[in-house]
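# What the coordinates show
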Amino acid sequence: MYGQASVFQNSGRWPASADGLTRVPVCIVSGSSAQQKASGLQKYYFHQTNPSFAQVLDHVRSALSNSWEYWSTVRFTGWQNCSQLTRAEQDLAIDLYIHPEAANNSNVGYGTRTGRTQFKPWGNSFNSCIAYSWARARMEYDFSCVEQYAIHEFGHALGFYHEWSHPLTPASCSARSPITAGDSNFSVANPNRYDWDSIMTYNDDCAQVNGVRFGSSNLSAYDRLGVATVYGGAKQVNASWVNSGGRNKDSQNNNRIELVLAEAKNIQIDLTSSIDTYLYLLDIKGNQISYNDDGGSGYNSRLNVSLTAGKYLLVAATYSHGQSGNFQLSINHGGLNPTGQ
Ligand SMILES: [Zn+2]
């Protein structure tokens, strides 16, 4: 069963590609714009140059890369104008609309793609990200609204409901609309506790607001666990060496696979093959954390390590140079993703 994090609609899961990644196409609806001045009398104040739509889109993409994509196999792809796509391609994509007059909302999950995923570039009047800087005596633009609204609305597009759909939503949350506990159409995050810190909740009565409006400025610990559980990588990868690089952890001929751990764990990593294996665990920058030669059965490699939540690299290597053949890499916690895409 799916589980953990905000309330997830099981039918909303986007399909995975054969390589294990979940590619979610996005296109930009024409007329999208980041052109806006402050409201009220402040619109007459001197303004910093209005950031371009391309700059705003860069912030949206980097916010998604540091949130949903970071902790899962989800990869938002495409990003052309919707008008460049065929009708069929457009129907398969998230239609993204960013505009000062846009509502902040989205369809939920795969298969509900007739509407838009949309939000304002600079927040609402009550949390505007166009604010006066006393230091520079001008109105300035702040990207935190568009980044945090993007994470929230794309969370819906991936299939997550508001946290106040949780069966344990407190009565003091005015938006409360709980699903029935145990409803098999949904996966409930942290089933024993309402997550006040979720990016999928907002307003003071339903969220421990942190950032421009939501329970967190990025994914909460349970949001991470949720997306990793629903969209996380494989527990086992089968692949092969062609003329392996021996014990050289940096050799291009040794396979690299990304390990994502959404929570701190004691983890066991096994590399098995009919060839004598050698296994490296690296941090995401490529610095060695640990290695093993024959810790598994026979000449197979095994690592038992205690790791904090985050991303790591595993290098499937061989004791001897120039080997060719199949191997299997497996873990008991977290997910394995292909690298370089
Ligand atoms: Zn929402």
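Reference entry: report on the structure contained in this document. Predicted model only: the values in this text are computed from it and were never measured. Residue numbers run consecutively from 1 along every chain, following the written order of its sequence. Residues qualify for local features only when their pLDDT is at least 70, as the model is predicted, and side-chain atom pairs are given and counted only at 80 or more; totals for whole chains, interfaces and linings, by contrast, use all residues. Excluded from the side-chain calculation are hydrogens and water; included are all heavy atoms of the structure.

## Focus on the overall build of the protein chain
- Numbering of helices and strands runs from the N terminus, with a helix taken as a DSSP run of H or I at least four residues long and a strand as a DSSP run of E at least two residues long. Assigned secondary structure in the protein chain consists of four helices and 17 strands.
- A separation threshold of at least 6 residues defines the contact pool for the protein chain, and within that pool the share at least 24 residues apart is 70%.
- Element-wise, carbon and sulfur atoms account for 46% of the exposed surface of the protein chain, whose accessible area totals about 15500 Å².
- Here the protein chain contributes 24 positive and 26 negative side-chain charges, whose respective centroids are spaced 3 Å apart. Any two residues having at least one pair of non-hydrogen atoms within 4.5 Å are treated as being in contact. Here the Shrake-Rupley method, with its probe set to 1.4 Å, supplies the accessible areas, and only the displayed protein chains count as covering residues. His is not counted here, nor are the chain ends, while Lys and Arg score as positive and Asp and Glu score as negative. Here the site of a charge means NZ on Lys, CZ on Arg, CG on Asp, or CD on Glu.

## Quick word on the sheet that holds strand S2 (residues 22-28)
- By this definition, two strands are paired if DSSP reports at least two bridges between them. Within the open sheet, the four strands sit side by side as S3-S2-S4-S5. Their pairing is parallel. The strands lining the two open edges of the sheet, one partner per strand, are strand S3 (74-81) and strand S5 (116-119). On average, adjacent strands in this sheet sit at an angle of 30° to one another, irrespective of strand direction.
- Direction of pairing for S2 relative to strand S4 (residues 94-98): parallel, over a ladder of three bridges. Looking at the pairing, Ile 28 lines up with Leu 96 of S4.
- In the packing of helix H3 (residues 144-158) onto the sheet, the strands contacted are S2, S3, S4 and S5, and the crossing angle to S5 comes to about 160°. Lines are fitted to the C-alpha atoms to define the axes, a helix being fitted only along its stretch in contact, and any angle between axes, read from their N-to-C directions, falls within 0 to 180 degrees.

## Concerning the coordination of the zinc ion
- Sites may look incomplete because water is not among the atoms; the donors themselves are N, O and S atoms within 2.8 Å of the metal, or within 3.2 Å for Na, K and Ca. Distances from the zinc ion to its protein donors, His 152 (NE2), His 156 (NE2) and His 162 (NE2), fall at 2.0 to 2.1 Å.
- In primary sequence terms, the donor set of the zinc ion follows H-x3-H-x5-H.
- For His 156, a relative accessible area of 6% translates into the label buried. Only protein chains enter the calculation, and the probe is 1.4 Å; a residue is then buried if its accessible area is under 20% of its type maximum, exposed if over 50%, and partly exposed in between.

## Some details on the nonpolar core
- Among buried residues, the Ala, Val, Leu, Ile, Met, Phe, Trp, Tyr and Cys ones that are joined through side-chain atoms within 4.5 Å form a nonpolar core. The biggest cluster of nonpolar side chains holds 52 residues, and the ones touching the most others in it are Trp 68, Phe 76, Trp 79 and Phe 154.
- When contributions to this core are tallied by element, the ones reaching two or more residues are S2, helix H1 (53-65), S3, S4, strand S7 (138-141), H3 and helix H4 (221-231).
- By residue number, the principal contributor to this core is H3, which donates eight residues.
- Setting aside anything within four residues of it in sequence, one finds Phe 154 in contact with Val 26, Val 60, Leu 64, Trp 68, Phe 76, Trp 79, Ile 94, Leu 96, Thr 117 and Phe 119.
- Of all hydrophobic cores here, the second largest spans 20 residues; its members include Ile 267, Leu 271, Leu 314 and Ala 316.

## Quick word on the environment of Val 315
- Here Val 315 lies in strand S15 (residues 310-318).
- Sequence separation of Val 315 and Tyr 141 is 174 residues, and the distance between their C-alpha atoms is 43 Å.
- Contact partners of Val 315, with chain neighbours within four places excluded, come to Lys 249, Asn 254, Asn 255, Arg 256, Tyr 278, Leu 279, Tyr 280 and Leu 282.

## Side note on a nonpolar patch on the surface
- A contiguous nonpolar surface patch, about 400 Å² in accessible area, is contributed by Leu 41, Tyr 44 and Tyr 45.
- Within the secondary structure layout, Tyr 44 lies in the loop between S2 and H1. Candidates for patches are residues over 30% relative accessible area with no salt bridge; among them, like charges are joined within 9 Å and nonpolar side chains (Val, Leu, Ile, Met, Phe, Trp, Tyr) within 5 Å. Here a salt bridge means any side-chain nitrogen of Lys or Arg lying within 4 Å of a carboxyl oxygen belonging to Asp or Glu.

## Focus on H1
- Its 13 residues give H1 an end-to-end C-alpha distance of 18 Å, which sits within 8% of 18 Å, the value for a rise of 1.5 Å per residue.
- By the burial criterion, the buried members of H1 are Val 56, Leu 57, Val 60, Ala 63 and Leu 64. Along the axis of H1, the buried positions cluster into a sector of 120°, meaning they face one direction only.
- Its buried side turned inward, H1 meets S2, S3, S4, S5 and H3. Each helix should span, by expectation, one fewer than its residue count multiplied by 1.5 Å. This arc describes the spread of directions from the helix axis toward the C-beta atoms.

## Examining the state of the cysteines
- The disulfide criterion used throughout: a pair of cysteine sulfur atoms within 2.5 Å. Evaluation of the coordinates by the stated rule reveals three disulfides.
- The residue that forms a disulfide with Cys 173 is Cys 206, at a sulfur-sulfur distance of 2.0 Å. Negative torsions about the S-S bond denote left-handed disulfides, and the value of about 95° found for Cys 173 with Cys 206 makes this one right-handed. Taken as a pair, Cys 173 in the loop between H3 and strand S8 (186-187) and Cys 206 in the loop between S8 and H4 lie far apart in primary sequence, 33 residues in all.

## Digging into the pattern of salt bridges
- Under the criterion given, the structure shown has ten salt bridges.
- Connected via shared salt-bridge partners are Arg 75, Glu 258 and Lys 311.

## Overview of the packing of H1 against H3
- Direction vectors running N to C along H1 and H3 enclose 55°, while the axes themselves pass 9 Å from each other. By the angle between their directions, the pair H1 and H3 is classed as oblique. The handedness of the crossing between H1 and H3 comes out as right-handed. Facing H1, whose interface residues are Val 56, His 59, Val 60, Ala 63 and Leu 64, H3 presents Val 146, Glu 147, Ala 150, Ile 151 and Phe 154. Roughly parallel means an angle under 35 degrees; roughly antiparallel, over 145; roughly perpendicular, 65 to 115; everything else is oblique. Each crossing is labelled by how the near helix is turned from the far one, with a counterclockwise turn of less than a right angle marking it left-handed and a clockwise turn marking it right-handed.

Keep in mind these values describe shape, not function.
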